[in-house]
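The lines below spell out each chain.
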Amino acid sequence: MTDLFQRSLGVLLALCAATAVAADYDGPLFDAHLHYNVEAWDGRNGPHPPEDVLGRLQRSGVRAALSNSRPNDGTKLLVASPLLQQTQVQVVPFIRLYRNRADYDTWHHDESIVQMVRAELAQGTAAGPYRGIGEFHLYDSANAKGPTARTLMALAEDKGLTVLAHVDDAAIDLLMAATPSQGQKLSLIWAHTGIGGTPPERVAALLERYPGLKGELSYRPGLVCESGQLCPAWRALLLKYPDRFLVGSDTWVVQRWQHYEALMQAYRVWLGGLPREVAEQVAWRNAQRLFGLSKP
């Protein structure tokens, strides 16, 4: 009887543990990589006007989002929406460096981009000042040495702005080196936590080197295994650095908006497999501290 009881108890405990792992995270989310590009809103008459976008965020439990757009008119439109109060979604506006698609390849050497950023900073938005610069891309890490790239990194550190950068690990070192503090004071969100599958060991080394570096986890190769849970190496990394990661949707094309709720639900699955304290930090509290967000 004792053996049967012990076996039954073991089965019950195993079932409870499996259920605990399977339970999705149910707290607030911060979307650290939201684009509201012109194709989505198109003069307020596009496929995803502000009411559609804010509704998707609200239904997904996204209580705040970092917004950047090509051109910056999209972000301005979103932060001016009267529906923000109704949906209780907070928008953190960033200045994107792209006025058009041509700027993707040339911004790092284009002095007019610096002038545009300074003008946007002076003007601000209907919701207040911009909080950062980006997302920008560097398809060749050497372009981080470009005059505009270096000027903007120094400007960001001086103004206390956060940078959102889609770059490889070599460019992280180069961008940080462009600041007066050599990267010790710059706040930088690393889009996708690297491109081309930067190994977790390299990510860890950069997190150790730069205290203001945070990794955003959309489109991250090797992050999630077939179970929908974090792969072992990435789980270990998030457990070691729970205050250094964020989640994001990366709505870079219109099709991503059509699947927004599913994208954010996928995060809830693997967040639910982390200790609650860690999940809350990655999902919400890291961004809350960074941007001074009000509690949801």
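Residues numbered from 1 in each chain as written. Predicted model: local features only at pLDDT ≥ 70, side-chain atom pairs only at ≥ 80, totals over all residues. Heavy atoms only, no water.

- The name given to the chain in an unreviewed UniProt entry is Amidohydrolase family protein, with Ideonella paludis as the source organism.

**Considerations on the overall build of the chain**
Okay, step 1: Across its full length, the chain holds 14 helices and eight strands.
Okay, step 2: Compactness check: the chain gives a C-alpha radius of gyration of 20 Å against a globular reference of 19 Å for 296 residues, within 12% of the reference.
Okay, step 3: Taking the principal axes of the C-alpha coordinates as reference, the chain spans close to 80 × 40 × 30 Å.
Okay, step 4: Relative to its 296 residues, the chain shows a buried fraction of 54%. (Helix = DSSP H or I, 4+ residues; strand = E, 2+ residues; numbered from the N terminus. Rg over C-alpha atoms; globule rule 2.2 N^0.38 Å. Buried < 20%, exposed > 50% of the residue type's maximum accessible area, 1.4 Å probe, protein only.)

**Thoughts on the sheet that holds strand E8 (residues 245-246)**
Okay, step 1: The parallel open sheet is built from eight strands, whose spatial order is E1-E2-E3-E4-E5-E6-E7-E8. Two strands close off the open sheet at either side, each with one partner strand: strand E1 (29-35) and E8.
Okay, step 2: Pairing between E1 and strand E2 (residues 62-68): five bridges, direction parallel. Counted as the bridge partner of Phe-30 is Ala-64 from E2. (Pairing = 2+ DSSP bridges.)

**A short note on the pattern of salt bridges**
Okay, step 1: Following the criterion strictly, the structure yields 16 salt bridges and no others.
Okay, step 2: Close ionic contact of Asp-52 with Arg-56 constitutes a salt bridge, the shortest N to O distance being 2.9 Å. You can see Asp-52 and its partner Arg-56 sitting in helix H3 (residues 50-59), four residues apart, about one turn around the helix.
Okay, step 3: According to the relative accessible area criterion, Arg-56 is buried, its value standing at 13%. (Salt bridge = Lys/Arg side-chain N within 4 Å of Asp/Glu carboxyl O.)

**What about the UniProt feature "domain: Amidohydrolase-related" (unreviewed entry) in the chain?**
Okay, step 1: The sites that UniProt annotates as "domain: Amidohydrolase-related" (unreviewed entry) are residues 143-293.
Okay, step 2: Spanning residues 143-293, this segment combines 49% helix with 10% strand, and its end C-alpha atoms are found 33 Å apart. (UniProt positions renumbered as here; feature names shortened; annotations may be inferred.)

**A look at the environment of His-35**
Okay, step 1: Mapping His-35 onto the fold places it in strand E1.
Okay, step 2: Measuring from C-alpha to C-alpha, the distance between His-35 and Arg-256 comes to 9.9 Å, with 221 residues separating the pair along the chain.
Okay, step 3: In contact with His-35, not counting residues within four places along its chain, are Asn-68, Arg-96, Glu-135, Asp-250, Thr-251, Trp-252 and Trp-257.
Okay, step 4: Engagement of the side chain of His-35 in a polar contact is seen with the side chain of Asn-68, the distance being 3.0 Å.
Okay, step 5: Polar side-chain contacts of His-35 include one of 3.3 Å to the side chain of Asp-250. (Contact = heavy atoms within 4.5 Å. Polar contact = N/O pair within 3.5 Å; in protein donor to acceptor, adjacent residues only side chain to side chain.)

**A few points about the environment of Leu-274**
Okay, step 1: Looking at the secondary structure, you find Leu-274 in the loop between helix H13 (260-271) and helix H14 (276-291).
Okay, step 2: Along the backbone, Leu-274 and Tyr-25 are 249 residues apart, and their C-alpha atoms lie at a distance of 8.8 Å.
Okay, step 3: Setting aside residues up to four positions removed in sequence, Leu-274 forms contacts with Leu-230, Arg-235, Leu-238, Leu-239 and Ala-279.

**Remarks on the packing of aromatic side chains**
Okay, step 1: The full count for this structure, using the stated rule, is eight aromatic pairs.
Okay, step 2: Measuring from ring centre to ring centre gives 4.6 Å for Trp-107 and Phe-136, while their planes differ by 45°; the resulting arrangement is tilted. Separated by 29 residues along the polypeptide, Trp-107 in the loop between helix H6 (103-106) and helix H7 (111-123) and Phe-136 in strand E4 (residues 132-137) bring together distant segments of the chain.
Okay, step 3: Take Trp-107: its relative accessible area is 0%, and that puts it in the buried class. (Phe/Tyr/Trp six-rings, centres within 6.5 Å; stacked < 30°, edge-to-face > 60°.)

**Some thoughts on the packing of helix H9 (residues 169-177) against helix H10 (residues 200-209)**
Okay, step 1: Axis separation between H9 and H10 bottoms out at 11 Å; the angle between their running directions is 10°. Taken together, the axes of H9 and H10 are roughly parallel relative to one another. Residues Asp-169, Ala-170, Ile-172 and Asp-173 of H9 touch H10, and the partners they reach there are Arg-202, Leu-206 and Arg-209.
Okay, step 2: By residue class, the composition of the contact of H9 with H10 is three nonpolar, no polar and four charged. (Axes fitted to C-alpha atoms, helices over the stretch in contact; angles between N-to-C directions. Parallel < 35°, antiparallel > 145°, perpendicular 65-115°, else oblique. Nonpolar A, V, L, I, M, F, W, Y, C, P; charged D, E, K, R; others polar.)

**Notes on the state of the cysteines**
Two cysteines, two sulfur atoms, one covalent bond between them: this is a disulfide.
Okay, step 1: Throughout the structure, instances matching the rule amount to one disulfide.
Okay, step 2: Shown here is the disulfide that connects Cys-225 with Cys-231, its sulfur atoms set 2.2 Å apart. Classification of the bridge connecting Cys-225 and Cys-231 rests on its S-S torsion, roughly 130°, and on that basis the disulfide is right-handed.
Okay, step 3: With relative accessibility at 34%, the residue Cys-225 sits in the partly exposed group. (Disulfide = S-S within 2.5 Å.)

**Some words on the nonpolar core**
Okay, step 1: The biggest cluster of nonpolar side chains holds 88 residues, and the ones touching the most others in it are Phe-30, Phe-136, Leu-188, Phe-245, Trp-270 and Leu-271.
Okay, step 2: For this core, the leading source of residues is H14, giving seven residues.
Okay, step 3: Aside from chain neighbours lying at most four places away, what touches Phe-245 is Thr-193, Val-203, Leu-207, Gly-215, Leu-217, Trp-234, Leu-237, Leu-238, Gln-281, Val-282 and Asn-286. (Core = buried A, V, L, I, M, F, W, Y, C linked by side-chain atoms within 4.5 Å.)

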